[in-house]
Amino acid sequence: MRTNVSVRMQTFLNKYFTGEAIDYRQIIALYVPILVDQAFLVGMNLINTAMISSSGVAAVSAVSMIDSLNIFLISVFIAVSTGGTVVVAQYKGSGNDRMVSRAAASSVSSVTLLSLAISVLFLLFHSPALKLLFGAAADDVFANAKTYIVGSSLSFTGIAIVEAVCGALRGIGKSRSSLKLSLIMNLTYVVLNVLFINVLHMGVHGLTIAMNISRYGAAAVALLYLFKLDTNLRVQIKDMLQINWAMVKKISYVGFPFAAEQMFFNGGKMLTQVFIVSLGTHALATNAIGNSLATVFQIPSMALSITTVTVIGQCMGRQNVRDARKFAKAFIGLSSFSFILMTLILLPLFRPIVGLFHPPEDIMHDLFIITLINALMQIPLWPLSFLMPAALRAAGDSKFTSITAMLSMWLFRVVLGYVLGIVCHMGIIGVWLAMNIEWGVRGGVFLWRFRGDKWYRHRLIEPMTPAAPASSSSLPTAKK
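What you are looking at is a predicted structure, and each value in this text was computed from that prediction instead of being measured.

**Here we look at the environment of Phe 386**
Reasoning step 1: Along the polypeptide, Phe 386 turns up in helix H15 (residues 364-394).
Reasoning step 2: Look at Phe 386 and you get partly exposed, because its relative accessible area is 23%.
Reasoning step 3: Taking the C-alpha atoms as reference points, Phe 386 and Phe 446, 60 residues apart in sequence, are found 9.3 Å from one another.
Reasoning step 4: For Phe 386, the contacting residues outside a window of four places in its chain are Phe 265, Ser 305, Trp 439 and Arg 442.

Structure representation (structure tokens):
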């Protein structure tokens, strides 16, 4: 019986997750470290939110409010580092190791400079920005928010360096090394949070101190690894100090449209947050806890989305469209299955998980309703809305995906969120319904694009002459 099951499983994996140059063992070797990383990140965020919630509703509301702004700012340079991941992956797929090194160096230097500019800009103008966006918040919430955004802005360059290095490593399939760097940063963050928040009772101040120490410590380790220990990227310091405009242009071709998308997308989420601020502190807390719970359901699919960039990028580097289509379809199906599994596991545990946040009893009903609706809607809609554009972007189709995401966000989530939540008096439930509807609209557009042929006709890199063999070393070597 076991032998039959094993044979069937291997047949299934070979059919859907094995291509001409990549097999399912290599994909699993790439995916598992990313899955562990995502699980740890989400678990850490849950723990941090739970810890800061012990400081009161005002503290957790302030952190939630500013985290939406942090995501808006950080997503800009993370988007550019994603452009670097795509270019690195395509050069790796083509077999051009020297250009892999130059692409990685350009990605790290570009993202670092961009993060410095964003950090300085927001340190100078954070007060008017907070008053404009969250002026309706209670005084205690606003005071905590101001402390948190200053501390967060100071840490941007640290996390930018880590994200850029990790992105380059994932581009060549070195997800284990990327996982180690992420764990160094986030384990340090958790330990310091326990010290500063639970032991020393420093509240939001302690949270910002822990954030800066962990991010800059990890950045130092990432650079040490890149220059001294890495044997794959072979990044040279001179390549980072010199601006390679041709390489920056390739990275920008993918990264800048994605950055613009993230700015508009997260700007829309911030505007939605303004609606929620007007609904009161308890609505803010409901939204914060609801977001934390939603990310737990998304752990396997978020890891698949990151894996998609590397796998599809390397397929396109080999100019193998057939494998790119095959893997994109397989990952979308696997993502939907993972949502079914996570829903069956997590919904019965709703009360114990929510108990970590010490929520007021009067928000429990709304919190369960948005969790239930979101859990069911994610199964068919999230993979098309988020994993599909990752595949298109990895092929260089960044402009279309970005424009689609921006338009759907503002035409549906923002406008419809205001109509349902405020005009129709549906409150936080209406805001979340609008978000799910927007997923469906944009996912349908991405599916239409994928069925055509324009998405894979972009040429980010020049193929090597003569063409390099599509070797299995493009992804981690699996034990056979």
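**A closer look at the nonpolar core**
Reasoning step 1: By size, the foremost hydrophobic cluster in this structure holds 52 residues, and its most contacted members are Phe 77, Tyr 91, Val 165, Leu 226, Leu 233, Val 235 and Met 247.
Reasoning step 2: Of all the secondary-structure elements, those providing two or more residues to this core are helix H3 (57-94), helix H4 (97-134), helix H6 (156-171), helix H7 (175-199), helix H8 (203-229) and helix H10 (245-278).
Reasoning step 3: For Leu 226, the residues in contact, after removing those within four places along its chain, are Val 108, Val 165, Leu 233, Val 235 and Met 240.
Reasoning step 4: Counting 33 residues, the second-largest nonpolar core is a separate cluster that includes Phe 357, Ala 375, Ile 379 and Trp 439.

**Here we look at a nonpolar patch on the surface**
Reasoning step 1: Taken together, the side chains of Val 194, Leu 195, Val 199, Leu 200, Met 202, Ile 209 and Ile 213 present a nonpolar region at the surface, about 540 Å² in accessible area.
Reasoning step 2: Sorting elements by how many residues they give to the nonpolar patch places H7 first, with 3 residues.
Reasoning step 3: Along the chain, Val 199 turns up in helix H7.

**Description of helix H12 (residues 299-317)**
Reasoning step 1: Taking 1.5 Å of rise per residue, 19 residues should cover 27 Å, and H12 covers 28 Å from first to last C-alpha, within 8% of that figure.
Reasoning step 2: Where H12 bends most, the angle comes to about 25 degrees, and this point is Thr 307.
Reasoning step 3: Counting buried positions along H12 gives 18 out of 19 residues, so the element sits mostly inside the fold.
Reasoning step 4: Positive backbone phi, approximately 60 degrees, marks Gln 319, located one or two places after H12.

**Some remarks on the pattern of salt bridges**
Reasoning step 1: Per the stated rule, a full pass over the model turns up 8 salt bridges.
Reasoning step 2: For Arg 322, the salt bridge identified is with Glu 20, shortest N-O distance 2.6 Å. On the criterion of sequence distance, the pair formed by Arg 322 in helix H13 (residues 321-346) and Glu 20 in the loop between helix H1 (2-17) and helix H2 (24-53) is long-range, its members being 302 residues apart.
Reasoning step 3: What makes Glu 20 exposed here is its relative accessible area of 58%.
Reasoning step 4: With its nearest N and O atoms 3.7 Å apart, the salt bridge here joins Asp 97 to Lys 92.
Reasoning step 5: The class for Lys 92 is buried, based on a relative accessible area of 17%.
Reasoning step 6: Residues joined in a network through salt bridges with shared partners are Arg 413, Glu 438 and Arg 442.

Reading guide: rules and limits
- Residues numbered from 1 in each chain as written.
- Predicted model: local features only at pLDDT ≥ 70, side-chain atom pairs only at ≥ 80, totals over all residues.
- Heavy atoms only, no water.
- Helix = DSSP H or I, 4+ residues; strand = E, 2+ residues; numbered from the N terminus.
- Buried < 20%, exposed > 50% of the residue type's maximum accessible area, 1.4 Å probe, protein only.
- Contact = heavy atoms within 4.5 Å.
- Core = buried A, V, L, I, M, F, W, Y, C linked by side-chain atoms within 4.5 Å.
- Patch = residues over 30% accessible without salt bridge, like charges linked within 9 Å, V, L, I, M, F, W, Y side chains within 5 Å.
- Areas by Shrake-Rupley, 256 points an atom, 1.4 Å probe, with all protein chains shown as cover.
- Salt bridge = Lys/Arg side-chain N within 4 Å of Asp/Glu carboxyl O.
- Expected span 1.5 Å × (residues − 1).
- Bend = angle between axes of the 7 residues up to and from the residue.

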